[in-house]
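Chain residues, written in single-letter form:
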Amino acid sequence: MNRGVHSIHDYPPGNKAIGKREFWKIAYIVEGSGILEINGIRHHFRSGYLYLCHPDDEMAYELTESILLYQILFQREFIANELKSLYHAYNFFDLFSSEFVPMDSSLHEQLHVFDTNRNIYTLIRRMAHEYEYHDANTREMLKHQLLELLIELARLSTRSFARKRREEISGIVSDYLYRNYRQSISMQKIANEIGLSRGRLLTLYHQQTGRTIGKTLLDIRLGEAKRRLAESGEESIERICYLSGFTDLANFYKYFRRETGMTPGDYRASARRAGAEPPAGSVSGE
């Protein structure tokens, strides 16, 4: 843990130098402001802001003034046993799972930057004092203080997510469907991840999009099937069916004919004759 300065000389406006690390990082901005780009998303920050980064996050600062900050660097193993007993409605602590992939998470952007409060600043200063002066049982004290800080951040993310979820529910769900369309999709699992009841999730999504989640998933799968049919003359229709997320060949034919007016084989032949590009909105292939 340290208290230091990042200067304009090191991180000038327009800086694109990407930094990654082999540890988790928490930084609290004491003075100054700037832009922090994380995984291609730009976050404006100022005094009182805190950011939390996964080892695989790609970060770049852009500063127009020097910033004073506290930095806390730690390995998951430091708090691994304690993490097992922690739960958060919006999967905040999944950030520390070995399976967590920042680029694949529909919620990770909300875990990055927090506009914090005086209690968090006070806690970080206590941690800095403990780290610097090394009293009896300092390691255990720092562990408890870090867990307290993470729990406070989890609570902040809960309040932030509750404010945003009504406006962003359709985007979060659609992102989830695009990433998981090949798998069996459980509405209850989506609802649990977002922190809503299943019924509330279905209602909000329909209100915002005018369609059901099931219809959106079907369109994603059909779009992928069309893309594969248009691009490949080698894959069998049965293989395309399963690679596109359908689990039953007969239902695949039924849905495909209902939505396109032709069979998958006819669609492939038509695409070949026309030299057609895959339809817009289809999912990227492997």
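In what follows, the structure referred to is the one given above.
Residues numbered from 1 in each chain as written. Predicted model: local features only at pLDDT ≥ 70, side-chain atom pairs only at ≥ 80, totals over all residues. Heavy atoms only, no water.

Draft legend 1. The sheet that holds strand 8 (residues 113–115), seen in detail. Taken in spatial order, the five strands of this open sheet run 1-7-2-5-8, and their pairing is antiparallel. Here the strands that pair on one side only, and so sit at the sheet edges, are strand 1 (2–6) and strand 8. On average, adjacent strands in this sheet sit at an angle of 25 degrees to one another, irrespective of strand direction. Pairing between strand 5 (residues 49–53) and strand 8: three bridges, direction antiparallel. Looking across to strand 8, one finds that Tyr51 is bridged to Val113. Seen against the sheet, helix 2 (residues 118–133) touches strand 2 (24–31), strand 5 and strand 7 (67–74) and runs at an angle of roughly 65 degrees to strand 7. (Pairing = 2+ DSSP bridges. Helix = DSSP H or I, 4+ residues; strand = E, 2+ residues; numbered from the N terminus. Axes fitted to C-alpha atoms, helices over the stretch in contact; angles between N-to-C directions. Contact = heavy atoms within 4.5 Å.)

Draft legend 2. View of the pattern of salt bridges. One pass over the structure, following the stated rule, counts 17 salt bridges. Residue Glu37 pairs with Lys16 through a salt bridge whose shortest N-O separation is 3.3 Å. Highlighted residues: Glu37 in strand 3 (residues 34–38) and Lys16 in the loop between strand 1 and strand 2, separated in sequence by 21 residues. On the basis of relative accessible area, Glu37 is assigned to the buried category, the value being 15%. For Asp175, the salt bridge identified is with Arg179, shortest N-O distance 3.0 Å. With Asp175 and Arg179 both in helix 3 (residues 138–180) and four residues apart, this pair spans about one turn of that helix. (Salt bridge = Lys/Arg side-chain N within 4 Å of Asp/Glu carboxyl O. Buried < 20%, exposed > 50% of the residue type's maximum accessible area, 1.4 Å probe, protein only.)

Draft legend 3. Region of the structure containing the sheet that holds strand 6 (residues 59–63). Read from one edge of the open sheet, three strands run 4-3-6, paired in antiparallel fashion. Looking at the sheet topology across the chains shown, the edges are occupied by strand 4 (41–45) and strand 6. On average, adjacent strands in this sheet sit at an angle of 20 degrees to one another, irrespective of strand direction. Summarising the sheet, strand 3 and strand 4 pair through five bridges and their orientation is antiparallel. Paired with Ile35 across the two strands is His44, which belongs to strand 4.

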